[in-house]
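As a plain string of letters, each chain reads:
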Amino acid sequence: MKTLTVDGADFAYNGGPAVLRGVTVEARPGQILAVTGTSGAGKTTLLNGMAGLLSPATGEVLVDGAKLGDRDHAVSLGVVLIPQDNGLAAILTAAENISVAVIATGGTPAEARRRTAESLEPLGLSGQANQLIEELSGGQQQRTAIARALALRGDVLLADEITSELDAANRQRVMELLRSESDRGAAVVFATHDPEAAAACDRELHLIDGEAVWVRE
């Protein structure tokens, strides 16, 4: 399993002012790191930087000591992202969204079918496998995106506000699944504004006024 490190990084969009300044943080195998902060504090920006979607203006993002390139490079290194907007294809079914992702990362069709079923079941979505994404509720779409990430079995799992649409029972279920991923050895980073969810993580980094402050290191 891999360690993802952000080393002294500033993150900005299109040459504008830095959203985050001088961030240094390490996502470690077997642990869940909570990234907290108010809306607009930079949680999504940090995860985008960790995912290869946003290059740092200064500093570096490293995976096991090697400099991270773009998103395709991150995917090849096993960096899985569950974006806040779920990133699902509306014209595909829940199962198809997952199977396509597994095959795209090197899985066989047989593996894709098996992993799809195995990832939908614990999220209570087996009955929705053949429904189009656009037919699902917001909470069901969010759980499908989580199932897709679980099916990919990455070394690093980045989860951006993935419990925002869920009721208490499903939030608890998702936290248990994130813990299972860390127990498997993955480095899990969970951006959340939910203090209870953050408290269930191993470490907590709080973003405020463009800077990262450790709450629990």
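Heads up: the structure comes first, above all this text.
Computed from a predicted structure; not experimentally measured.

About the criteria used
Residues numbered from 1 in each chain as written. Predicted model: local features only at pLDDT ≥ 70, side-chain atom pairs only at ≥ 80, totals over all residues. Heavy atoms only, no water. Helix = DSSP H or I, 4+ residues; strand = E, 2+ residues; numbered from the N terminus. Rg over C-alpha atoms; globule rule 2.2 N^0.38 Å. Buried < 20%, exposed > 50% of the residue type's maximum accessible area, 1.4 Å probe, protein only. Areas by Shrake-Rupley, 256 points an atom, 1.4 Å probe, with all protein chains shown as cover. Lys, Arg positive; Asp, Glu negative; His and termini not counted. Charge placed at Lys NZ, Arg CZ, Asp CG, Glu CD. Pairing = 2+ DSSP bridges. Core = buried A, V, L, I, M, F, W, Y, C linked by side-chain atoms within 4.5 Å. Contact = heavy atoms within 4.5 Å.

Student: Even after reading the chapter, I still don't get the overall build of the chain, so can you show me in this structure?
Tutor: Secondary structure assignment for the chain yields seven helices and 10 strands. Its C-alpha atoms give the chain a radius of gyration of 17 Å, near enough to 17 Å, the size a compact globule of 217 residues would have. Oriented by its inertia axes, the alpha-carbon framework of the chain measures out at about 45 × 35 × 35 Å. Looking at the chain as a whole, 50% of its 217 residues are labelled buried. Just so you have it, the chain exposes about 9600 Å², and 49% of that area is on carbon and sulfur atoms. For the chain, the distance from the average site of its 18 positive side-chain charges to the average site of its 29 negative ones is 4 Å.

Student: Honestly, the pairing of strand 1 (residues 4-12) in this entry has me stumped. Any pointers?
Tutor: Successive side chains on a regular strand alternate, one facing one side of the sheet and the next facing the other. Pairing analysis gives six bridges linking strand 1 to strand 2 (residues 18-27), with the strands arranged antiparallel. When the sheet's bridge partners are listed, Thr5 is paired in strand 2 with Glu26. Hairpin connection of strand 1 to strand 2: five residues between the antiparallel strands, including Asn14 at a positive phi of 55°. Across five bridges, the pairing between strand 1 and strand 4 (residues 58-63) is antiparallel. Bridge assignment links Asp10 to a residue of strand 4, and that residue is Thr58.

Student: Explanation requested: the nonpolar core in the structure shown.
Tutor: What tends to happen in soluble globular proteins is that the nonpolar side chains get buried as a cluster. One finds Ile82, Leu123, Ile162, Leu178 and Phe190 to be the most contacted residues of the largest nonpolar core, which totals 36 residues. Counting residues per element, this core draws most heavily on helix 5 (residues 138-152), at six residues. Setting aside residues up to four positions removed in sequence, Phe190 forms contacts with Ile32, Leu33, Ala34, Val35, Ala159, Ile162, Thr163, Met175, Leu178, Ala197 and Cys201. Residues Ala9, Leu68, Leu158 and Val189 belong to the second largest nonpolar core, which totals 30 residues.

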